[in-house]
Amino acid sequence: MTEPQSVLPHKPIFPWLKLAGYGLQLFVLTMLLLFIMSVVTGSDQPVDYWWTGIIVAVLLAGCSWLYSRRLKPPTRKVALAYGMVWAVMLALILMIIAVPNQTAPIVFGQWSTYLIFIGVAAGPSLTKYNNPVSH
């Protein structure tokens, strides 16, 4: 009789599709939150008010934190990488929309836009990780 061959440990597959899907959801949430803020403030440009950018950035940081928890990153560094990917996706999608519409100076001329990017990028790194003590 022959012994069964040992099975090599399965390498986790990087969740590219989920990562992209959550990035698109973050974009939709960004647009929805900015629309809600424009209704609340009665302004065409909700980023004209300093507090709207802070509220949107905090809410999106929370959403990116929740999304990263669903992806279960093994380390804080990987979680931060997820957030960076989402922030870059958000910036690229906004550029794709803003440049042809000639609204790039309006969109990227506000400090609160960059605060939103920082919130999306930093949100996943807020997850607590258990660091096992090695003996």
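I will try to describe carefully the structure that is included in this document. (Residues numbered from 1 in each chain as written. Predicted model: local features only at pLDDT ≥ 70, side-chain atom pairs only at ≥ 80, totals over all residues. Heavy atoms only, no water.)

Comments concerning helix H3 (residues 76-98)
Definition in use: Here a helix means four or more residues in a row that DSSP labels H or I, a strand means two or more in a row labelled E, and each is numbered from the N terminus. By this rule, a helix spans an expected 1.5 Å times one less than how many residues it contains. Exposure categories follow from relative accessible area, calculated using a 1.4 Å probe and restricted to protein chains: below 20% of the type maximum is buried, above 50% is exposed, and the middle band is partly exposed.
Between its first and last C-alpha, H3 extends 32 Å over 23 residues, near the 33 Å set by a 1.5 Å rise per residue. Every buried residue belonging to H3 is among Ala79, Tyr82, Gly83, Trp86, Ala87, Met89, Leu90, Ala91, Ile93, Leu94 and Ala98, and all of these are buried.

Side note on the side chain of Thr41
In plain terms, the rule: Polar contacts, as counted here, are pairs of nitrogen or oxygen atoms within 3.5 Å of one another; within protein the pair requires one atom able to donate a hydrogen and one able to accept it, and residues that are adjacent in sequence qualify only if both atoms are side-chain atoms.
Looking at the secondary structure, you find Thr41 in helix H1 (residues 16-41). A distance of 2.8 Å separates the side chain of Thr41 from the backbone oxygen of Met37, its partner in a polar contact.

A look at H1
Worth spelling out the cut-off: Contacts were defined at the residue level, with two residues in contact if any of their heavy atoms lie within 4.5 Å.
Spanning 26 residues, H1 covers 37 Å between terminal C-alpha atoms, matching the ideal 38 Å at 1.5 Å per step. Among the residues making up H1, those that are buried are Leu19, Tyr22, Gly23, Leu26, Phe27, Thr30, Leu33, Leu34, Met37, Ser38 and Thr41. Packing partners of the buried residues in H1 comprise helix H2 (50-71), H3 and helix H5 (111-122). At the exit of H1 stands Gly42, carrying a positive phi of roughly 70°.

Focus on the packing of H2 against H5
The cut-off we apply is this: Lines fitted to C-alpha atoms define the axes here, with helix axes fitted over just the stretch in contact, and angles between the N-to-C directions of these axes take values from 0 to 180 degrees. Here is the rule for angles: anything less than 35 degrees is roughly parallel, anything more than 145 is roughly antiparallel, 65 through 115 is roughly perpendicular, and the remaining ranges are oblique. By the definition used in this description, the sense in which the near helix is turned from the far one sets the handedness, with an anticlockwise turn below a right angle giving left-handed and a clockwise turn giving right-handed. Three classes are used, and their members are as follows: Ala, Val, Leu, Ile, Met, Phe, Trp, Tyr, Cys and Pro are nonpolar, Asp, Glu, Lys and Arg are charged, and the others, Gly among them, are polar.
The N-to-C vectors of H2 and H5 enclose an angle of 15°; their axes lie 7 Å apart at closest approach. The orientation of H2 relative to H5 falls into the category roughly parallel. Once H2 is placed against H5, the crossing between them reads as right-handed. Where H2 abuts H5, its residues Trp50, Gly53, Ile54, Val56, Ala57, Leu60, Ala61 and Ser64 lie against Trp111, Ser112, Leu115, Ile116, Gly119 and Val120. Each residue belonging to the contact of H2 with H5 can be placed in one class, and the counts come to ten nonpolar, four polar and no charged.

Here's the deal with the packing of H1 against H2
As a packed pair, H1 and H2 sit with axes 10 Å apart at the nearest point and diverge in direction by 155°. By the angle class used here, H1 and H2 are roughly antiparallel. Remark: the crossing between H1 and H2 carries right-handed chirality. Together, Lys18, Leu19, Tyr22, Gln25, Leu26, Leu29, Thr30, Leu33, Leu34, Met37, Val40 and Thr41 of H1 and Trp51, Thr52, Ile55, Val56, Leu59, Leu60, Cys63, Ser64, Tyr67, Arg70 and Leu71 of H2 make up the contact between the two elements.

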